[in-house]
Amino acid sequence: MSDGYYSSKKTDDICEDVCGQGSKAAATISRLKCVLRGFDLRTYLFLFILMPFGIFAIYLHGQKFTYFFRPLWESPPKPFHTIPHYYNENVTMESLCSLHGWGIRESPRRVFDAVLFSNEKDLLTVRWKELYPYVTQFVLLESNSTFTGLPKPFVFKSNKEWFKFVEPRLTYGTVGGRFRKGENPFVEEAYQRLALDQLLRIAGIEEDDLLIMSDVDEIPSAHTINLLRWCDDIPPVLHLQLKNYLYSFEYYVNSKSWRASIHRYSPGKTRYAHFRQSNVMLADSGWHCSFCFRYISEFIFKMKAYSHSDRVRFSHYLNPKRIQDVICKGSDLFDMLPEEYTFKEMIGKMGPIPRTYSAVHLPSYLLDNAEQYKYLLPGNCVREK
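Everything numeric in this text was worked out from a predicted model, so none of it was measured. (Residues numbered from 1 in each chain as written. Predicted model: local features only at pLDDT ≥ 70, side-chain atom pairs only at ≥ 80, totals over all residues. Heavy atoms only, no water.)

(A) Representation of the pairing of strand β12 (residues 261-264) in the model. By the bridge criterion, 4 bridges tie strand β6 (residues 210-213) to β12 in an arrangement that is antiparallel. Along β12, the bridge assignment pairs I212 with I262. One ladder, built from 3 bridges, connects strand β9 (residues 237-240) with β12; its direction is antiparallel. Its bridge partner lying in β12, V237 is registered against H263. (Pairing = 2+ DSSP bridges. Helix = DSSP H or I, 4+ residues; strand = E, 2+ residues; numbered from the N terminus.)

Shown next as structure tokens:
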């Protein structure tokens, strides 16, 4: 036998002798030394550097890994049948209805605009000013609880003077929160939307009235609502394609917002909801301005309060300086990948949202009061203290 064999055997014998002597602690350390003597440098690198680094990376970016592989585990929803949208202020209503394949009514339908309100005072003002000429009744419900079960003040109730211009047409109601810890936020959201159904009946909604179902920040354009109230034979449930903006009208994301919808009210059948309820959508029907707040504190409140609060994975996400930096970069508040169903679309949308310098075709009240709402317009990303 070679000298190497005797050397190896001698080492093993020494290990056995050492491991069998002394105190238990000394024996344990000696056994560990004997085991580690058999590892090479690459094994040490893997165990003590690469593996801990990998575990830490998964802890930090596990959600990104999940979202990146979304195209493998989730199929895209069935595409909508999108109705082309025709509009010009100089074209008669009869011609516009005809272009959409609809007839024209002798008189317009009544319109009810119903919203759940949290704290979006500015956007509610812009919304109601946009829709005011064509809405019969504004219906607003607010709760003393967020969807995540956090207590909140009745913001609208304490600012009613600000909304005095809609008072003759307003049906306002409150609902107490249930404050159930650990409950899925979507359960509380569904509970509040159910309460809004009852408030609509109190407001006097009737068969074939038009009902707008959308969040406060999903704003249908005035001419869209006017078209639908005048045209006959429109679909009983019609989703609205809205332009998606983030933080302000400076960051245009896409035109994939579809949750807003218009319903020809049917008693006992129509239920207030915020999910897909038909396969038909009217193109280019308004704006969705998500996380469009004046103050950093409002961003923090919504991040903790809305149904996707689980996206706040680390406390530093709520740091005001970080939030301000994210807004001005057009990055994602939750450091998430784009929610897309193909790798091509996801990779194409990675990184900050490009700025847009266009303020064309925005709500008229916003432009008429540009100085008051300048944080919503291009070139004004820094939020007020």
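(B) Region of the structure containing empty space enclosed by the protein. Under the definition given, this model contains 1 cavity of 30 Å³ or more. Considering only enclosed or pocket space, the largest cavity measures out at about 60 Å³ in volume. S145, T146, F147, T148, G149, F179, R180, E183, P185 and E188 together form the lining of the largest cavity. Looking at the lining of the largest cavity, its residues break down into 3 nonpolar, 4 polar and 3 charged. (1 Å grid on protein atoms, 1.4 Å probe; cavity = no way out; pocket = protein on both sides within 12 Å on 5 of 7 lines; lining within 4 Å. Points joined across faces, edges and corners; volume = space filled by probe spheres on them. Nonpolar A, V, L, I, M, F, W, Y, C, P; charged D, E, K, R; others polar.)

(C) The arrangement of unusual backbone geometry in detail. Although it is not a glycine, D208 sits at a positive phi angle of roughly 75 degrees. Within the secondary structure, D208 sits in the loop between α7 (185-203) and β6. The partly exposed category is assigned to D208, whose relative accessible area is 22%. Positive phi, close to 75 degrees, is recorded for Y247, a residue that is not glycine. The residue Y247 is located in the loop between β10 (242-246) and β11 (252-257) in this model. Owing to a relative accessible area of 2%, Y247 belongs among the buried residues under this scheme. (Buried < 20%, exposed > 50% of the residue type's maximum accessible area, 1.4 Å probe, protein only.)

(D) Summary view of the sheet that holds β10. The strand order across the open sheet built from 4 strands is β7-β14-β10-β11, with neighbouring strands paired in mixed fashion. Of all the strands in the sheet, just β7 (218-220) and β11 have a single pairing partner and so form its edges. Strand after strand, the sheet turns through a mean of 25 degrees between neighbouring axes, direction not considered. Summarising the sheet, β10 and β11 pair through 3 bridges and their orientation is antiparallel. Note that in β11 the partner of L242 across the bridge is S257. Running over the sheet, helix α6 (residues 121-131) touches β7 and β14 (286-290) and is turned about 15 degrees from β7. (Axes fitted to C-alpha atoms, helices over the stretch in contact; angles between N-to-C directions. Contact = heavy atoms within 4.5 Å.)

(E) Seen up close, the pattern of salt bridges. According to the stated counting rule, one finds 21 salt bridges in the structure shown. Close ionic contact of K374 with E371 constitutes a salt bridge, the shortest N to O distance being 3.7 Å. One connected set of salt bridges, linked through shared partners, spans R105, R109, D208, D232 and R264. (Salt bridge = Lys/Arg side-chain N within 4 Å of Asp/Glu carboxyl O.)

(F) Summary view of the environment of D233. For D233, the location among the structural elements is in the loop between β8 (231-232) and β9. Ignoring sequence-local partners within four residues, the contact set of D233 consists of W102, G103, R109 and R264.

(G) View of the sheet that holds strand β3 (residues 111-117). Pairing in this open sheet of 8 strands is mixed, and the strands run β1-β13-β9-β12-β6-β3-β4-β5 from one edge to the other. Since the sheet does not close on itself, it has two edges, and those belong to β1 (81-83) and β5 (170-175), each with one partner. Direction aside, the axes of adjacent strands within the sheet are offset by 25 degrees on average. Examined bridge by bridge, strand β4 (residues 137-143) and β5 share 6 bridges and lie parallel to one another. Across the sheet, residue L141 finds its bridge partner in β5, namely G173. Along the sheet face, α6 touches β3, β4, β5 and β6 and points at about 180 degrees away from the line of β3.

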